[in-house]
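# Coordinate inspection notes
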Amino acid sequence: MLSVVIRTNNGEQLLPEVLRPLISAAAEGVVRDVVFLDLGSRDGTAMIADTAGAAMVSAKSDGFDGALAQAHRGSWLLLLDQNTVLAAGWMEESVGFVERQDRLRVSQSRSAACFRPEHEPELGSGDLRRRITVLATNRLASRAFLSQGILVRRAVLMGARAPVINWREGEPTMTAPGLMRLRSRSYLARPLPAPKDEMISAPRGAHVADHS
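Residues numbered from 1 in each chain as written. Predicted model: local features only at pLDDT ≥ 70, side-chain atom pairs only at ≥ 80, totals over all residues. Heavy atoms only, no water.

Attention shifts here to the environment of R32. Structurally, R32 can be placed in strand β2 (residues 31-38). On a C-alpha basis, the gap between R32 and V4 in space is 7.9 Å, while along the polypeptide they are 28 residues apart. (Helix = DSSP H or I, 4+ residues; strand = E, 2+ residues; numbered from the N terminus.)

Once that is clear, we can look at the sheet that holds strand β6 (residues 112-118). Hydrogen bonding along the main chain pairs the strands of a sheet, whether they run parallel or antiparallel. Strand order in the open sheet formed by eight strands is β3-β2-β1-β4-β8-β6-β10-β5, and the pairing between neighbours is mixed. At either margin of the open sheet sits one strand with a lone partner, and together these are β3 (55-58) and β5 (84-86). Strand-to-strand twist in this sheet, taken as the mean axis angle between neighbours without regard to direction, amounts to 30 degrees. Where strand β4 (residues 76-81) and strand β8 (residues 150-153) come together, four bridges link them in antiparallel fashion. In the sheet register, L78 faces β8, and the bridge partner there is L151. This element, helix α2 (residues 45-52), spans β1 (2-8), β2 and β3 of the sheet and lies at about 170 degrees to β2. (Pairing = 2+ DSSP bridges. Axes fitted to C-alpha atoms, helices over the stretch in contact; angles between N-to-C directions. Contact = heavy atoms within 4.5 Å.)

Ranked by size, the top nonpolar core spans 32 residues in total, and within it V4, I6, L22, F36, L78, L80 and W90 carry the most contacts. Mapped by element, the contributors of at least two residues to this core are β1, α1 (15-27), β2, α2, β4, β5, α4 (90-103) and β6. If you look at the next biggest cluster of nonpolar residues, it comprises 25 residues, including V35, L37, I150 and V152. (Core = buried A, V, L, I, M, F, W, Y, C linked by side-chain atoms within 4.5 Å. Buried < 20%, exposed > 50% of the residue type's maximum accessible area, 1.4 Å probe, protein only.)

Here the structure, examined in full by the defined rule, presents two aromatic pairs. Note on F64 and W167: the rings are 5.0 Å apart at their centroids and 40 degrees apart in plane angle, and the pair reads as tilted. Here the residue F64 occupies a position in helix α3 (residues 63-70), and W167 occupies one in the loop between α6 (154-158) and β9 (173-175), the gap between them amounting to 103 residues. Neither residue differs from the other here; F64 and W167 are each classed as buried. (Phe/Tyr/Trp six-rings, centres within 6.5 Å; stacked < 30°, edge-to-face > 60°.)

Before going further, it helps to examine the pattern of salt bridges. Proximity of charged atoms lets side chains of opposite charge pair with each other. In total, this model carries two salt bridges according to the counting rule given. Its salt-bridge partner being D81, residue R7 comes within 3.0 Å of it at the nearest N-O pair. Taken together, the positions of R7 in strand β1 and D81 in strand β4 put the pair 74 residues apart, joining distant regions of the chain. In this structure, R7 and D81 share a single accessibility class: buried. (Salt bridge = Lys/Arg side-chain N within 4 Å of Asp/Glu carboxyl O.)

Mapped onto the fold, T8 is located in strand β1. On the basis of relative accessibility, which here comes to 1%, the residue T8 falls in the buried class. In this structure the side chain of T8 is engaged in a polar contact, spanning 2.8 Å, whose partner is the side chain of D38. In contact with T8, other than residues within four places in its own chain, are L15, F36, L37, D38, L39, S41, T45 and Q82. (Polar contact = N/O pair within 3.5 Å; in protein donor to acceptor, adjacent residues only side chain to side chain.)

The next subject is the pairing of β1. The buried fraction of β1 is high, at seven of seven residues. With burial as the criterion, each face of β1 is covered, one bearing L2, V4, I6 and T8 and the other bearing S3, V5 and R7. Sheet topology note: the β1/β2 ladder contains seven bridges and is parallel. Bridge pairing in β2 places L2 opposite V31. At this point the chain moves from β1, through α1, to the parallel β2, and the crossover so formed is right-handed. Bridging between β1 and β4 involves six bridges; their strand directions are parallel. When the sheet's bridge partners are listed, V4 is paired in β4 with L78. (Right-handed = clockwise from strand over helix to strand, strands pointing away.)

Structure, rendered in C-alpha cells:
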C-alpha cells in the first residue's frame, strides 16, 4: 500500500526513532518498501539503511526519480524527513484515508494529506506561532512541510504537473490542491546520546522493508 521515502543527511542519531513506528506497519503489510533519499551522509546512515532493509539513493546523482524507481511497491507515497516521527494511530488513519480515496471517483478524491505536527517540545509563544504558521500554510496554501509527514498518491508525483519538492531546502514543502490534514500527529525526533566512537544503528532485527 505505502512506499516510504525519507530524506536523510547525517541522520544516524535520529533515524532509529523515525523508523520505529514503521516496523509494525511493515509487519501488517501497510509499508511495502523504504528508501532513503540521501543528500550526502558521511556518518552511519548507510549502515542504518542496510540494517533496516531500506534502499539508499543519492539525491545528487539519482534524484527523487531514482527514489521513486526504488520505492515502487506502493500506490501511495509516505514522505518523511529524517527527524519526522509518526505518533500512535498514524497507520490506522492512513489506511482509512487511502482506502477511502481509492474508492472515490477521481474528481471527488483527494491526492494528498499531512499529519498534524507537534514540533515544539516547550509550550509558549514560539510554539503558538509555529502552530499558527503550519495551520495557515496547510489550510490557505494547500502546502505541507516534509517535517510533518506527507501522504501523496504516486500518480500525482509522476504526472506532468507533479509538485516540485526542493529536497535541499532547510525545510522542504509540497503543494497539493485539496490537501487534507489528518487527525494523527507527528513530532520531531530527538538525537540519541551516543558514545563518541560508536555509530548508532537501527534496533537489531528491526527490518521495515522486505526486498524479497
